[in-house]
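Listed below are the residues making up each chain.
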Amino acid sequence: MEHQEYYDNLIKVIKKVKPTKELEIGLAWGESAQAFLNNSEGSLISVDPEDNMNIAPGLGERHTYIKGYSPQSLPNDKFDWIYVDGAHDYGSVKADIKACLPLLKKKGFMCFDDYNMPDVRRAVDEITLNKVSEEGNIVCFQS
Ligand SMILES: C[S@@+](CC[C@H](N)C(=O)[O-])C[C@H]1O[C@@H](n2cnc3c(N)ncnc32)[C@H](O)[C@@H]1O
C-alpha cells in the first residue's frame, strides 16, 4: 500500500474514533504517530525497541517514546485508542492483544495495521470485540 493511502486511511480512522489518549505498538518511521498527533489533540505513547528512532524527539510534547518491546514495556495505564503495529507474527499479535485488552478503556478502540497479512488476520479474527471499521488494511474493534 502507498504511504499516502496508508496515511489517508489512518486519518479516516482517527476522525471516526476521535481518540484522546493513545498507545501505539511500533513507532518505526512515525507515520501513524504523526497522523495521530496532527489530527487530534490527544497524547500518544509509542513503544518500539529500535535504536534509530530519530523521529521521536521531533514529535512534540504530547508524544512519549518508550524504547522497549511489547508486551514487557507497555505502560500500566488506560487508553481510548490502542494501535497495534509492532511484530507481525501470530504469536506476537496474540501477545499484544492479550496485554492490551486490560489497558483499553470502556468503549475504547483497538486497531491493527496489516490485516491483509495472514498471521495478523488469524490473530485479529480471534478477538471477541465488535469490529467497527476497516479502512484499507487497518481494522478497528471497540470494547
Ligand atoms: C510496521 S513498523 C510500524 C510503523 C508505524 N506504526 C507507522 O505507521 O509509521 C513496525 C515497528 O514495530 C517495531 N516492533 C517490532 N517488534 C516489536 C515489539 N515486540 N514491541 C514493540 N515494537 C516492535 C519495529 O521495530 C518497527 O519499528
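The structure presented is a predicted model; accordingly, all values stated were derived computationally and were not measured. (Residues numbered from 1 in each chain as written. Predicted model: local features only at pLDDT ≥ 70, side-chain atom pairs only at ≥ 80, totals over all residues.)

A few words now on the overall build of the protein chain. A tally of helices and strands in the protein chain yields four helices and seven strands. Against the 2.2 N^0.38 benchmark of 15 Å for 143 residues, the protein chain shows a C-alpha radius of gyration of 14 Å, consistent with a compact globule. Overall size of the protein chain, expressed as C-alpha extent along the three principal axes, is 35 × 30 × 30 Å. For the protein chain, the proportion of its 143 residues judged to be buried stands at 36%. Long-range pairs, those at least 24 residues apart, make up 60% of the contacts in the protein chain between residues at least 6 apart in sequence. (Helix = DSSP H or I, 4+ residues; strand = E, 2+ residues; numbered from the N terminus. Rg over C-alpha atoms; globule rule 2.2 N^0.38 Å. Buried ≥ 20, exposed ≤ 12 C-beta atoms within 10 Å, placed from the backbone. Contact = placed C-beta atoms within 7 Å.)

Residues in close proximity to the ligand total 18 residues, the closest being G26, A28, E31, S32 and G86. Elements with a minimum of two residues in the shell around the ligand: α2 (31-39) and β2 (43-48). Partitioning the shell around the ligand into residue classes produces eight nonpolar, six polar and four charged. (Near = placed C-beta within 6 Å. Nonpolar A, V, L, I, M, F, W, Y, C, P; charged D, E, K, R; others polar.)

In this section: the sheet that holds strand β6 (residues 130-135). Pairing in this open sheet of seven strands is mixed, and the strands run β3-β2-β1-β4-β5-β7-β6 from one edge to the other. Every other strand in the sheet has two partners, leaving β3 (63-67) and β6 as the edge strands with one partner each. Adjacent strand axes in the sheet meet at a mean angle of 20 degrees, parallel and antiparallel pairs treated alike. Pairing of strand β1 (residues 21-25) with β2, which is carried by five bridges, proceeds in the parallel orientation. When the sheet's bridge partners are listed, E22 is paired in β2 with L44. (Pairing = 2+ DSSP bridges. Axes fitted to C-alpha atoms, helices over the stretch in contact; angles between N-to-C directions.)

At a minimum axis distance of 8 Å, the contact between helix α3 (residues 90-100) and helix α4 (residues 118-125) shows a crossing angle of 35 degrees. Note on packing geometry: the crossing formed by α3 with α4 is right-handed. Residues Y90, V93, K94 and I97 of α3 touch α4, and the partners they reach there are D119, V120, R122, A123 and V124. Classifying every residue of the contact of α3 with α4 by side-chain character gives six nonpolar, no polar and three charged. (Left-handed = near helix turned anticlockwise from the far one by under 90°.)

For the rest of this paragraph, the subject is α4. Residues that lie three or four places apart on an α-helix share one face, since the helix turns once every 3.6 residues. For α4, the complete set of buried residues consists of V120, A123 and V124. For α4, the arc enclosing every buried residue in end-on projection is 95 degrees, short of the 170-degree limit, so these residues lie on one face. Among the exposed residues of α4, those oriented more than 90 degrees off its buried face are P118, R122 and D125. Packing partners of the buried residues in α4 comprise α3, β5 (104-112) and β7 (138-142). (Arc of directions from axis to C-beta.)

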